[in-house]
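Each chain is listed here by its residues.
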Amino acid sequence: MAKRKDSKGRILKTGESQRKDGIYMYRYSDIRCKRKTIYSRDLKELREQESLIQRDSFDGIDYDAGDISAIKLIEQALDLKVGLCETTMEN
């Protein structure tokens, strides 16, 4: 099986690619199964952004700014916390 490589010979991971103009691109699916793409001129920066996206998706954080209300965002954040008192939840 052939490994995908960039113009400098570095092996690219799943979802990574390099455009003809040299810009690196990472495509992924968010929580709602919408395809998203991030771009970077440097492979190292792209992989840092990838790790942040993967960490946030693992934690259940969804930054869909246009489609979520503030109350829904707070509820999601409180659901991630363990062992909160009832008064904290009510406040």
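Note: the structure precedes this text.
Since the model is a prediction, treat every value here as computed from it, not as a measurement.

1. Quick notes on the pattern of salt bridges
One side chain can pair with another of opposite charge once the charged atoms of both are near each other.
Here's step 1: Scanning the model with the defined rule gives five salt bridges in all.
Here's step 2: A salt bridge links arginine 10 to aspartate 6; the shortest N-O distance between them is 3.0 Å.
Here's step 3: Take arginine 10: its relative accessible area is 33%, and that puts it in the partly exposed class.
Here's step 4: With its nearest N and O atoms 2.8 Å apart, the salt bridge here joins aspartate 21 to arginine 19.

2. Examining the packing of aromatic side chains
Here's step 1: A complete count under the given rule lists one aromatic pair for this structure.
Here's step 2: With centroids separated by 5.7 Å and ring planes inclined at 15°, the aromatic side chains of tyrosine 26 and tyrosine 28 adopt a geometry described as stacked. The two residues tyrosine 26 and tyrosine 28 agree in class, both being buried.

3. So, the environment of glutamate 86
Here's step 1: Within the secondary structure, glutamate 86 sits in helix H3 (residues 86-90).
Here's step 2: Under the relative-accessibility criterion, glutamate 86 is labelled exposed at 64%.
Here's step 3: Between the C-alpha atom of glutamate 86 and that of isoleucine 38, which follows or precedes it by 48 residues, the distance is 40 Å.

4. As for the sheet that holds strand E1 (residues 16-18)
Here's step 1: Spatially, E1-E2-E3 is the arrangement adopted by the three strands of the open sheet, whose pairing is antiparallel. Where the open sheet ends on each side, the last strands, each with one partner, are E1 and strand E3 (35-40). Direction aside, the axes of adjacent strands within the sheet are offset by 25° on average.
Here's step 2: As paired elements, E1 and strand E2 (residues 24-29) share three bridges and run antiparallel to each other. Looking across to E2, one finds that glutamine 18 is bridged to tyrosine 24.
Here's step 3: Set on the sheet, helix H1 (residues 43-59) makes contact with E1, E2 and E3; between it and E3 the angle comes to about 145°.

Reading the values: rules and limits
- Residues numbered from 1 in each chain as written.
- Predicted model: local features only at pLDDT ≥ 70, side-chain atom pairs only at ≥ 80, totals over all residues.
- Heavy atoms only, no water.
- Salt bridge = Lys/Arg side-chain N within 4 Å of Asp/Glu carboxyl O.
- Buried < 20%, exposed > 50% of the residue type's maximum accessible area, 1.4 Å probe, protein only.
- Phe/Tyr/Trp six-rings, centres within 6.5 Å; stacked < 30°, edge-to-face > 60°.
- Helix = DSSP H or I, 4+ residues; strand = E, 2+ residues; numbered from the N terminus.
- Pairing = 2+ DSSP bridges.
- Axes fitted to C-alpha atoms, helices over the stretch in contact; angles between N-to-C directions.
- Contact = heavy atoms within 4.5 Å.

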